[in-house]
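Coordinate inspection notes
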Amino acid sequence: MASGLVNPINPLVTDVGSPPIPEAQSWTERYDGSFGPLINLSQAVPGNAPHAGLLERMAAAAGSAGGSQYGPINGDAPLRQAYAADLSRLYEGRIEPEDTAITAGCNMAFFAAMMLLAHRGEAVLLPTPWYFNHQMTLDMLGIEPRPLPCRPETGFVPRVEDAEALIDGNVRAIVLVTPNNPTGAVYPAHVIESFAQLCAKRGIYLVIDETYRDFLPQGMNRAHGLFIGEKWRETVIQLYSFSKSYAIPGHRTGAITADALLIEQIAKILDCIQICAPRTAQAALPWAIDALRDWREDNRAEINRRAQVFQDALAPLPEWKIESVGAYFAFLHHPFQGAGAQQVAEKLATERGVLCLPGSYFGPGQEGHLRVAIANVGADVLKGLTERFKDLRL
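Remember, predicted model here, so these are calculated numbers, not experimental data.

So, about the sheet that holds strand E5 (residues 171-177). Spatial strand order, E2-E8-E7-E6-E5-E3-E4: 7 strands in an open sheet with mixed pairing. Two strands lie at the open edges of the sheet, namely strand E2 (100-103) and strand E4 (144-149), each paired on one side alone. Each strand axis lies, on average, 25 degrees off the axis of its neighbour in the sheet, ignoring direction. Inspection of the sheet shows strand E7 (residues 236-241) paired to strand E8 (residues 254-257) by 4 bridges, in the antiparallel sense. Looking at the pairing, Gln-238 lines up with Thr-257 of E8. Lying over the sheet, helix H6 (residues 132-141) contacts strand E3 (123-128), E4, E5 and strand E6 (205-209), oriented at roughly 160 degrees with respect to E3.

As structure tokens, then:
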């Protein structure tokens, strides 16, 4: 029983730690402003506003009577059609609207996928460092989050042979996140495809979270070729978020792609936990998917530019080692041997006004790291990080 509660509640919930980002944000209350305005690099928040045309269409949808009603469980048909067509074009495969479901954000998509694939006492492989909401979800469902180590010397890319050694009769799925949160690492296509082959061989699912797929490095337009042909239907579940690509995280719009028979089962879960995804963004996104391609490409170029600016800002400080960077994030090795990541992150926030997240939030063995959300602020702000990190003392 949790402290202060009169009656017992589910220990699978009480045993999970509180959401970490509010804890980190509380440190900034002790910053005195001596290094200038706070630089918040903690949460992956788009650093640009939504496109004006998208805002106009969402405003019209929000003000309509129809937009205030329940929608289909798996999402509005125009969005599912537009999204499936976009996936088919991008991945050169056959993906039907019936192979998709729209969710209240990608976290909801992950929750529904895990509930579908595993139950209490079973296991899912999570690459470490892991996205903390993935680990929290599995813990609350009673599913073991089994760490799949990703090492700095391999660019934080997981190895198939490591995963195969961890698979036993309890494992129901392997999760991959690319571009990765928290490291920013982009997994090579051949690695992703090898994981799909492993999952097919072992009779488990590959769940690939591509929340940041629209921010791949310039010249790399898709992460993998899994959707070519039909074999993916037996093995692959893909997750996506419209939040980052269209700068609308508050409108909670994500997606699941899987074979239509799996989507039918996922609908049972979605009917109980969301009934339908929020309607406002769903009404505007079918237009945006086609109309805003150039706008999204410009945003991708800008995010990649910020990643380079961040690297340039820390280049004069080699004691702060950038071990991985890409898309929205950098994974930074701090110079304080033996110090906990939270101690370092808290010191940066309270003394220098730079809020990053400690690596300890992202799983075991990450005390030497900080996660930096480089997309949150402009390049001009990132340039100022040199002075903020310089000569920090614990």
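Picking up after the structure, the text goes on.
For the rest of this paragraph, the subject is the environment of Thr-103. Examined against the element boundaries, Thr-103 turns out to sit in strand E2. Excluding its chain neighbours within four sequence positions, the residues that come into contact with Thr-103 are Met-108, Ala-109, Arg-252, Thr-253, Gly-254, Ala-255, Ile-256, Leu-270, Gln-274 and Ala-277. One polar contact links the side chain of Thr-103 to the main-chain carbonyl oxygen of Gly-105, over a distance of 2.8 Å.

This brings us to the nonpolar core. Of all hydrophobic cores here, the largest spans 54 residues; its most connected members are Leu-54, Ile-174, Phe-195, Leu-206, Phe-242, Tyr-246 and Leu-285. Sort the elements by how many residues they give to this core and helix H4 (residues 77-91) lands first, with 7 residues. The next biggest cluster of nonpolar side chains, apart from the first, holds 39 residues, and it includes Ile-39, Tyr-131, Val-344 and Phe-389.

What counts, and where the lines are drawn
Residues numbered from 1 in each chain as written. Predicted model: local features only at pLDDT ≥ 70, side-chain atom pairs only at ≥ 80, totals over all residues. Heavy atoms only, no water. Pairing = 2+ DSSP bridges. Helix = DSSP H or I, 4+ residues; strand = E, 2+ residues; numbered from the N terminus. Axes fitted to C-alpha atoms, helices over the stretch in contact; angles between N-to-C directions. Contact = heavy atoms within 4.5 Å. Polar contact = N/O pair within 3.5 Å; in protein donor to acceptor, adjacent residues only side chain to side chain. Core = buried A, V, L, I, M, F, W, Y, C linked by side-chain atoms within 4.5 Å. Buried < 20%, exposed > 50% of the residue type's maximum accessible area, 1.4 Å probe, protein only.

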